[in-house]
Amino acid sequence: MNITKKEIDSLNAVLTVEVKKEDYADKVQSVLNNYRKTATVPGFRKGHIPMGMVKKQYGKAVLLEEVNKILQENLHKYLTEEKLDILGNPLPKNDTEIDWDGEDFSFEFDLGLSPEFTVDVKKKAVTQYKVVADEKMLDNQVLTIRKQYGKLTNKEVVEKGDEITGTFKNEEAAIDKKTTLELDLVKGKTQTKALLGAKAGDVITLKTKGLFAEEVELQRHLGVDPVAAKDLKVEVEFTVEEVNSREMAELNQELFDKLFGEGNVTSEKELKAKIKEDAEGQFMQQSDQKLLNDVVDSLIENTKFDLPGEFLQKWIQVSGEKVMTEEEAKAEYERSEKGLRYQLIEGKLRAENNLQVTFDELKEYSKGMIKQQMAQFGQLDPSEEELDSIAARIMGNEEEVKRMSEQLATNKLLGYFKENAKLKTKEVSYDTFIKEAYA
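In this text the structure is predicted, and so the values were computed from the model without any measurement.

1. Side note on the packing of aromatic side chains
For step 1, the next point in the chain: Enumeration over the complete set of coordinates arrives at ten aromatic pairs.
For step 2, the next point in the chain: Arranged with centres 4.9 Å apart and planes meeting at 40°, the rings of Trp-100 and Phe-105 form a pair that is tilted.
For step 3, the next point in the chain: A relative accessible area of 2% means that Phe-105 is categorised as buried.
For step 4, the next point in the chain: Every member of this aromatic cluster is reached through a ring pair, and the members are Tyr-24, Trp-100, Phe-105 and Phe-107.
For step 5, the next point in the chain: Its guanidinium or amino end placed over the ring of Phe-305, Arg-341 lies 4.9 Å from that ring's centre, counting from NZ or CZ.
For step 6, the next point in the chain: The positively charged end of Lys-348 is found above the aromatic ring belonging to Phe-117, 5.2 Å away from the centroid.

Right, dumping it as structure tokens:
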């Protein structure tokens, strides 16, 4: 067997595979011999069927199967040994022209070659947000805690500052949502006046436009999605079911101990410091995800290289469960091109900077996750034997291993970007971060 490669250009090549009779003859004969031993043909004892009859009935099918096996094995071997970095899989070029009545065969395959390019993570600066919990947020969180742990007293009539439990309804807009809202959240004198003095059982008609100062409250209390909330202009009936006033909890040691354990927080200042620490830890996860997305977009935009587009469209057309039309394949290629470009960029970054995930790293990562989970249930100092035992069970779960591998791979890539990409840090409040990051 002989395999030769002809380069069409830097992104396309043709492989020619020459298969001679001596490459397949013994294997075909062996299979036919087995068929002769096992086949059942009326008029002949098993094992005594004439070979000519066996060849006539099975010869062509066996030939095709064995030659195809030889092709696949040797193509894979050639691509591996020659270290050819290809996209997709080799596409048969002349399979409909093969004369299977001959003895020697020549097969041609189109190859799409991976492009040569360099990745420069310092080429363009990307904003790295440092989200801080400002004084306004801390005050609001303290207020929320005081309300949450305060004393609730049932009332007959709605007054300023009260909480009202009831159900919003509008059949045409498919609104039917039971909720508890604070009267102070309602916007506008007319809407507020309609609720003041209400009692359990009263049905009050309200307008959704401008009902709350914040659009997110409309989503929460009426149970509508963000798109529907944006331009919602209907009247809703609100049936009052319960009225309560809330006496806010005092900021004392009893409350601090209830929130954070005995003696861990002893003042409002320490309470705010703890809230700030916890909040900014959560903010970091969001800002990290934003940074990762922005660096990826920047790399795709600023890492220039060509792709074997025509080859990839042909490959997409025939590689799925259902063969596509040329137009469908072209549309699918256009949809997936950005993702393919990033796969190539990411693969190059991981290979050149040793960012692959090893088994030992994955095992240690799983043990770290186990320790965090055990700590939540008060087990602060598990033994290594205990951790190894639980980790072994987790590592035996294919889906769990896949999930952890993806998490760890993302973490390693993010760490690389933080250390090596060109970043400009911007300190913002959470509200500003949301407005700028997700505008």
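2. A look at the packing of helix α1 (residues 21-38) against helix α2 (residues 51-81)
Geometry of a packed helix pair, given as the angle between the helix axes and the separation of the axes.
For step 1, the next point in the chain: Between α1 and α2, the least distance of the axes is 8 Å, while the angle of their chain directions is 135°. When the axes of α1 and α2 are compared, the pair comes out oblique. Two packed elements cross with a definite hand, and for α1 against α2 that hand is right-handed. Across the interface between the two elements, Asp-23, Tyr-24, Lys-27, Val-28, Gln-29, Val-31, Leu-32, Asn-33, Tyr-35 and Arg-36 of α1 pack against Met-51, Val-54, Lys-55, Tyr-58, Gly-59, Val-62, Leu-63, Glu-66, Val-67, Ile-70 and Glu-73 of α2.

3. Observations regarding the nonpolar core
For step 1, the next point in the chain: If you look at the biggest cluster of nonpolar residues, it comprises 30 residues, and the most contacted ones within it are Val-121, Leu-299, Leu-307, Ile-345, Leu-349 and Phe-417.
For step 2, the next point in the chain: When contributions to this core are tallied by element, the ones reaching two or more residues are β3 (86-92), α8 (268-302), α9 (309-319), α10 (326-352) and α13 (398-420).
For step 3, the next point in the chain: Residue contributions to this core peak at seven residues, all from α10.
For step 4, the next point in the chain: Filtering out sequence-adjacent residues up to four positions away, Leu-299 remains in contact with Val-119, Asp-120, Val-121, Ile-345, Leu-349 and Phe-417.
For step 5, the next point in the chain: Within the second largest apolar cluster, 29 residues are counted, among which are Val-19, Ile-98, Phe-109 and Leu-111.

4. Notes on the pattern of salt bridges
For step 1, the next point in the chain: Taken as a whole and assessed by the stated rule, the structure comprises 30 salt bridges.
For step 2, the next point in the chain: A salt bridge links Glu-7 to Lys-5; the shortest N-O distance between them is 3.0 Å.
For step 3, the next point in the chain: The exposed category is assigned to Glu-7, whose relative accessible area is 52%.

5. Some words on the environment of Gln-356
For step 1, the next point in the chain: Tracing the backbone shows Gln-356 in the loop between α10 and α11 (359-376).
For step 2, the next point in the chain: Placed 169 residues apart in sequence, Gln-356 and Lys-187 show a C-alpha to C-alpha distance of 54 Å.
For step 3, the next point in the chain: Setting aside chain neighbours within four positions, we find Gln-356 in contact with Arg-350, Ala-351, Glu-361 and Lys-412.
For step 4, the next point in the chain: Among the polar contacts made by the side chain of Gln-356, one reaches the main-chain carbonyl oxygen of Arg-350 at a distance of 3.5 Å.

6. Details of the sheet that holds strand β4 (residues 105-113)
For step 1, the next point in the chain: The antiparallel open sheet is built from four strands, whose spatial order is β1-β2-β4-β3. Each edge of the sheet is formed by a strand with only one pairing partner; in this case those strands are β1 (2-9) and β3. Put simply, the sheet's adjacent strands are angled 20° from each other on average, direction ignored.
For step 2, the next point in the chain: The pairing of β3 with β4 spans four bridges and is classified as antiparallel.

7. A word on the pairing of strand β10 (residues 235-247)
For step 1, the next point in the chain: As paired strands, strand β6 (residues 151-155) and β10 are joined by five bridges and run antiparallel to one another. Of the residues in β10, the one forming a bridge with Asn-154 is Asn-244.
For step 2, the next point in the chain: Pairing of strand β7 (residues 163-170) with β10 involves seven bridges; the strand directions are antiparallel. When the bridges of β10 are listed, Glu-163 appears paired with Asn-244.

Reading the values: the criteria
Residues numbered from 1 in each chain as written. Predicted model: local features only at pLDDT ≥ 70, side-chain atom pairs only at ≥ 80, totals over all residues. Heavy atoms only, no water. Phe/Tyr/Trp six-rings, centres within 6.5 Å; stacked < 30°, edge-to-face > 60°. Buried < 20%, exposed > 50% of the residue type's maximum accessible area, 1.4 Å probe, protein only. Lys NZ or Arg CZ within 6 Å of the ring centre and 35° of its normal. Axes fitted to C-alpha atoms, helices over the stretch in contact; angles between N-to-C directions. Helix = DSSP H or I, 4+ residues; strand = E, 2+ residues; numbered from the N terminus. Parallel < 35°, antiparallel > 145°, perpendicular 65-115°, else oblique. Left-handed = near helix turned anticlockwise from the far one by under 90°. Contact = heavy atoms within 4.5 Å. Core = buried A, V, L, I, M, F, W, Y, C linked by side-chain atoms within 4.5 Å. Salt bridge = Lys/Arg side-chain N within 4 Å of Asp/Glu carboxyl O. Polar contact = N/O pair within 3.5 Å; in protein donor to acceptor, adjacent residues only side chain to side chain. Pairing = 2+ DSSP bridges.

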